[in-house]
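Structural overview for review
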Amino acid sequence: MTNIDFSPLFRSMIGFDRMSSALETAYRSEPGGYPPYNIEASGENDYRITMAVAGFTEKDLTLEVKENILTVSGARSDDEDKGQTKFLYRGIANRNFERKFQLADYVRVLDARLENGLLHVDLRREIPEAMKPRKIEIRGETGRYLEGEAHKTQAAA
């Protein structure tokens, strides 16, 4: 396994120490697999995961978000296999699955729906107002304060 040294990045990037563990986890995970899926970006903050889950119903599928990890799992009941059906060839996968997606901070699941054997999971990054960029005024000799503070000071005088 190749180790990547992130120390040059950490000299100028603050708070990205979790990035190295996230990249190593992604490197160790299995590529591809079952079920096949697509990840689409439909805007600056909107995403969609589409998974091919043919043969699964809504009650067979489970979606869970815990600590920024979206887990999609499918479990088919064994009752279907106990019928009178005798397969001569079985090319459609009939196995349980669990797939995990690491979500960035402030990404939440908006909707999940099953259409024509495809599970669509819509996601959106919603950055809180406190985290959005804001202009900071520099107070000089004239006594200007940060936005909102000047009104309080003038009202008190």
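Structure: above.
Notes on the structure follow. Quick caveat: nothing in here was measured; it's all calculated off a predicted structure.

This part is about the pairing of strand 3 (residues 61-66). A regular strand carries its side chains on alternate faces of the sheet. In the sheet, strand 3 pairs with strand 4 (residues 69-74) via six bridges, with the strands oriented antiparallel. Within the sheet, the bridge partner assigned to Thr-62 lies in strand 4 and is Ser-73. The hairpin formed by strand 3 and strand 4 contains two residues between the paired strands, and Glu-67 there has a positive phi angle of roughly 50°.

What follows concerns the sheet that holds strand 6 (residues 107-115). If you walk across this open sheet you meet the four strands as 1-2-7-6, and the pairing is antiparallel. On the outer flanks of this sheet lie strand 1 (37-41) and strand 6, each paired with one strand and no other. For this sheet, the mean inter-axis angle between neighbouring strands, taken without regard to orientation, is 15°. In terms of strand pairing, strand 2 (residues 46-52) meets strand 7 (residues 118-125) through seven bridges, oriented antiparallel. By the bridge assignment, Met-51 is partnered in strand 7 with Leu-119.

Reading the values: the criteria
Residues numbered from 1 in each chain as written. Predicted model: local features only at pLDDT ≥ 70, side-chain atom pairs only at ≥ 80, totals over all residues. Heavy atoms only, no water. Pairing = 2+ DSSP bridges. Helix = DSSP H or I, 4+ residues; strand = E, 2+ residues; numbered from the N terminus. Axes fitted to C-alpha atoms, helices over the stretch in contact; angles between N-to-C directions.

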